[in-house]
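# Coordinate analysis (summary)
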Amino acid sequence: MTGWTVLLRGVRHRTGRSLVVLLLAAIAVTAAVLTPAYARAAQQSVLTDTLREAPAYASSVTVKASGTSDSPAFEPALESSQKADAAIKARPLLHSLVGRPVTTVETEAIVPAGDLKARYVFRSDLCKLVSVVGDCPNDNDQVIVSDRTAKAHGLETGDRITLTVGGKPQQREIVGLYTPRDANAPAWGAHGYFREGASPDEQERTPIDAIFAGSEEDLKYVPTAQVTLELVYPVRVDDIRLDDADALAKDLEGASLGLLQQDLSLSSALAGLLNDAHSDSDAIAKTIPVVAVPLLLLVVGVLMLLVASLTEERGPEIALAKLRGYPAGKSARFGLGEVLFLIGLATPLGLVGGLAVAEFAARAVLAPGVHVEVRFEPFAAAAAALVAAFIAAWAGSRRTVRSGVLSLLRRVPHHTGWRAGLGEGVVVALAAAAVVAAWQDRTSSLALLAAPSLALVAGIAVARLLSLGAGARLALARRTGNVATMFAAAQLARRPGRHRVVAVVTVALALLGFSATAWDVAAQARQTHAELALGAARVYTVGSVDSQLLISGVRTAAPDGSAMPVLRRNGERYAGQALDIIALPASQLAKVASWPGHSTADLTALAGRLRPQAAPQAPVSGELSVRVNVTQLGKAGVKLAAMVAVPGGEPKYVTLGTLKSGVHSYSAAVPTGRFVGLALIRPAADSSAITAKLEILDVKAGGSPVVSFTDDQAWSGDQRGGVTGVTVTTGDTLKVDVQAEGNSDLLLTYVDTPPALPVALSGQTPDDNRAGDRFSFLAYAEEPQPFAVVERSDALPSVGERGFLVDLDYAVSRAEATTGMPDASRFSAEVWANANAPADLEKRLAAAGLTVLQTRTVDATVDQLGRRAPALAWRLYLLAGVVAAALALGLVLLVARLNATARRHELAALRVTGVPARVLRRGVRREHLALMGLPVLTGFAVGLGSAWLMLPGMPLVAVGQTTSVSWTPHLGAVVFAAAAGLLCLLLAVFVAVRLVRRAAPELLRGDV
């Protein structure tokens, strides 16, 4: 009989045990292969998610030129396109990813009739993006206007419209009226073509929707016109692979330099997006292998224990082989041949299994369309796992194979020696060093090893304590005659293999407890982060930053108040740190905003503090008259002017007349707006001191009073421009006493907002006094505005940990009453909506003139965060914990199975001696409760403690960003893990107790 025949017959004879070894070896290889395969897929998922999340116009490649007739912008678009194509084709990777460009040529046109302004645009794909009543323009002198612009300004198909471009008028024929198929389609980019209904500009011109031309030559008809040419190349972001990232960034840089020499600029946010994804990819490359280490070590440890148990069971066979004259080497091969054969057979199974599990994970939790790549790394991991399994098998069987024949035949258990104690000491020392290093830098990848290290220390400690405790209980039970306790304690104290099982179970449950807690905490942190980062259930980023259009458009789209306009100040910094500033309608805060940890009542109370009662606004239009009693005027030629705030612009000064002594009325026509004060305008170039006393008797518009003089908070002598010495006294009339120098105007301001705008602040105060409650900051006006802190918080909705919230109406009103709003480029506009907002809100906003550039929701943000580096690592960690618990349970059951025959004979012998079955059952329960119960409880407690200790300093949501740790009990991973641990305990006890029922005395006669 050959060695192979013996080996195969042995495998067949021990089918159940062989399948166990095959399965565990396959799991070991699967775990090894899963790590590189999953890591690679996770990195690709992060890259794909980052690129998909960006708006289409951000991920495209844009070639651009601007200027008049002496610039490339005036060249035929075809020539510029050929230059751009040549530069892109010179870089094969970039060329393989871009599609055909969309050509856009635009300039600004004035429509004298109605004093309108519009973007005058030619687009090569226009007819695909709009629905036209009439004809789509395809020739010179042909244009189309939007249907709503036509209705608002009395235009019809067939009309001739005059457009002034570059200062020269030209006639064009309206050949059709268009309606955008989707005003928010990514193809429109961030141009903001649809502006009908926006507030007039400083020249009092009303913006209207874009006017589209039939040919680009019409826009270049006037040499002095400022024309912008754009060639937008769409990029197939789903085709960008990890290996392409660096090469693609270099291609973009090279193409940009090549086109720059031809006076064309190439721009794309792709390079920045690739860089953003790179940090997460690096974190995945560092953390996922570290996460896999505990699982692999546990699998190897379980394999060693199992092989040791199998080899020990085959001890008599190995002894017989030695008695037949087998040399030591051949005896070892005889004992290990089956195991090594099964491990070799399991390697390809594990390789396929690892790739399959990684692919399943990719389809289930990674970005759609991301799959596992078959590369050399999984094959290298499988080979390494095979070597590690061989080593584990050798180490697990070495002691049995080297034992003497008598020891093997007598089945004497191997007792732990000094080497094991030394090894345990070394392990504890290394674990302690890992914990200390992780504690010092919990953001490092090494911190992920802290929980396994603590679990390992706990496992060794529990095993040692259980052994000592069992010995003490055995001595006590002998004295008291407690048979059940004596039986359980003897099994635990005299079988060293049980202690190794205890250590494995403790480590496995500690890993499960830590990973389940970390997953639950991280999941809740992602939900909280998403709600806090967005500020509402849905957030729409819109292209228009005209405050009046933003406010009116949102109110039109959501008249029920389920959505609100938000204006964000961009790029503000203080003390070298970014500062987020947003203005929103405080009255809608409780209905729309989402602030984790704050109830509706909290938000309502905050809204009241952000928008306290102030003086009523004073709308004016038409004829404004002011009656003044001048009792003293030390300077002639002083004029009285009314200050009127107009929407979207600076306050208008309207001269009412030159002041004269006595009671007189001064009047003039004023624009439609709100009255914000009076001004005393001194003669030009006269900086001498001025002394005056006057009394404002009334201010009327259309014969009706405009303002009251009784509120002392509403009136002040403005001291801007270095002017001091203006005192006002309120009452039935407004008394003004002037003792001033300098040549600046003297202002009597009517303040219809709080004197200092109330804010909710996170972080330190942006002022020299970092803890102060009052400060001035350049926010929503061209000069610093005064603010008062009414609420402090660690983090604010959409603001985060540094910034402030202010009421939108008050912020805009104060700006329009002083210097006007800053340039629109300093702001970005958003619309926040609650969960009950209309489902078609995006279309409603588009119809109201607001182009939606990006839509974000809390649910989508949570999903996207779930595919970031920390979540992907925690997901693998949770999987490792589940596998560890399953392996531990399997080991306990299999060890019990392997020793089942011997245990049944022992129990049968005890029953023959007169020990009742119920006492034996009680002893078996106590044995396995100690064997499983203490490790399960201790391990789970150690896992929870490790989480409490380590999670506060570890990234839970984003790379390099720690998050405050909180956990709300719910049916999550922690609850299920605890239930699973309890189920494992009950199952092990149930299986063990069945041994007593099957331990009939007949076993000793060989009848059963």
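The shown structure was predicted, so the numbers you read here are calculated from the model rather than taken from an experiment.

In this section: the sheet that holds strand β29 (residues 827-833). Two strands in a sheet stick together by hydrogen bonds in their backbones, pointing the same way (parallel) or opposite ways (antiparallel). Within the open sheet, the nine strands sit side by side as β26-β27-β25-β28-β14-β13-β29-β12-β30. Their pairing is mixed. Each edge of the open sheet is held by one strand with a lone partner, namely β26 (774-777) and β30 (852-857). The average undirected angle you get between the axes of adjacent strands in this sheet is 30 degrees. Direction of pairing for strand β13 (residues 563-574) relative to strand β14 (residues 577-584): antiparallel, over a ladder of six bridges. For Tyr574, the partnering residue across the bridge sits in β14 and is Gln577.

Not every positive phi belongs to a glycine, and Asp141 is a case in point at roughly 70 degrees. Relative to the helices and strands, Asp141 resides in the loop between β4 (130-134) and β5 (142-146). Of note, Asp263 is a non-glycine position whose phi angle comes to about 60 degrees, a positive value. Tracing the backbone through its elements, the reader meets Asp263 in the loop between α8 (245-260) and β11 (265-267).

The next thing to look at is the packing of aromatic side chains. As enumerated under the stated definition, the model contains 18 aromatic pairs in all. Both rings, one in Trp188 and one in Phe212, keep their centres 6.0 Å apart while their planes meet at 40 degrees; by these two values the pair is tilted. Remark: Phe212 occurs in strand β9 (residues 211-213) and Trp188 occurs in the loop between β7 (168-180) and β8 (206-207); sequence separation between them is 24 residues. Consider the rings of Tyr780 and Phe827, whose centres lie 5.4 Å apart with planes at 15 degrees: the pair is stacked. Of the two residues, Tyr780 is situated in the loop between β26 and β27 (785-793) and Phe827 in strand β29; the sequence distance between them amounts to 47 residues. A single burial state applies to Tyr780 and to Phe827, both of which are buried. Three or more aromatic residues joined by ring pairs make a cluster, and in this case those are Tyr178, Trp188, Tyr193, Phe194 and Phe212. Here the basic side chain of Arg526 rests over the ring of Trp519, its NZ or CZ set 4.8 Å away from the ring centre. The positively charged end of Arg569 is found above the aromatic ring belonging to Phe827, 5.4 Å away from the centroid.

Another aspect to go through is a nonpolar patch on the surface. Taken together, the side chains of Trp967, Leu971, Val975 and Phe976 define a hydrophobic patch exposed on the protein surface, amounting to about 430 Å² of accessible area. Note that Val975 resides in helix α27 (residues 973-998).

This brings us to the environment of Ala389. Looking at the element boundaries, Ala389 is found in helix α12 (residues 376-402). Relative accessible area serves as the criterion here: at 5%, Ala389 is assigned to the buried category. Sequence separation between Ala389 and Leu24 is 365 residues, and the spatial gap between their C-alpha atoms is 9.8 Å.

Tallying each qualifying case throughout the model produces 33 salt bridges. A salt bridge links Asp807 to Arg611; the shortest N-O distance between them is 2.8 Å. Placement of Asp807 in strand β28 (residues 803-807) and of Arg611 in the loop between α20 (600-610) and β15 (619-633) is noted, with a sequence separation of 196 residues between them. Salt bridges linked by common partners bring Arg40, Asp243, Glu373, Arg375 and Glu377 together as one network.

Moving on: the nonpolar core. If you look at the biggest cluster of nonpolar residues, it comprises 85 residues, and the most contacted ones within it are Tyr120, Ile211 and Ile240. Of all the elements, helix α2 (residues 15-53) adds the most residues to this core, at twelve residues. With sequence-adjacent residues up to four places away left out, Ile211 is seen in contact with Val111, Ala118, Arg119, Tyr120, Val121, Val143, Ile144, Val145, Ile161 and Leu163. Within the second largest apolar cluster, 80 residues are counted, among which are Ala451, Leu509, Leu512 and Ala977.

Here we come to the packing of helix α18 (residues 547-557) against helix α21 (residues 808-818). Put simply, α18 and α21 touch, their axes get as near as 11 Å, and they point 150 degrees apart. The angle between the axes of α18 and α21 places the two elements in the roughly antiparallel class. The interaxial crossing formed by α18 with α21 has left-handed handedness. Judged by residue contacts, Ser547, Gln548, Ile551 and Arg555 of α18 engage Leu808, Asp809, Val812 and Glu816 from α21.

Conventions and cut-offs
- Residues numbered from 1 in each chain as written.
- Predicted model: local features only at pLDDT ≥ 70, side-chain atom pairs only at ≥ 80, totals over all residues.
- Heavy atoms only, no water.
- Pairing = 2+ DSSP bridges.
- Helix = DSSP H or I, 4+ residues; strand = E, 2+ residues; numbered from the N terminus.
- Axes fitted to C-alpha atoms, helices over the stretch in contact; angles between N-to-C directions.
- Phe/Tyr/Trp six-rings, centres within 6.5 Å; stacked < 30°, edge-to-face > 60°.
- Buried < 20%, exposed > 50% of the residue type's maximum accessible area, 1.4 Å probe, protein only.
- Lys NZ or Arg CZ within 6 Å of the ring centre and 35° of its normal.
- Patch = residues over 30% accessible without salt bridge, like charges linked within 9 Å, V, L, I, M, F, W, Y side chains within 5 Å.
- Areas by Shrake-Rupley, 256 points an atom, 1.4 Å probe, with all protein chains shown as cover.
- Salt bridge = Lys/Arg side-chain N within 4 Å of Asp/Glu carboxyl O.
- Core = buried A, V, L, I, M, F, W, Y, C linked by side-chain atoms within 4.5 Å.
- Contact = heavy atoms within 4.5 Å.
- Parallel < 35°, antiparallel > 145°, perpendicular 65-115°, else oblique.
- Left-handed = near helix turned anticlockwise from the far one by under 90°.

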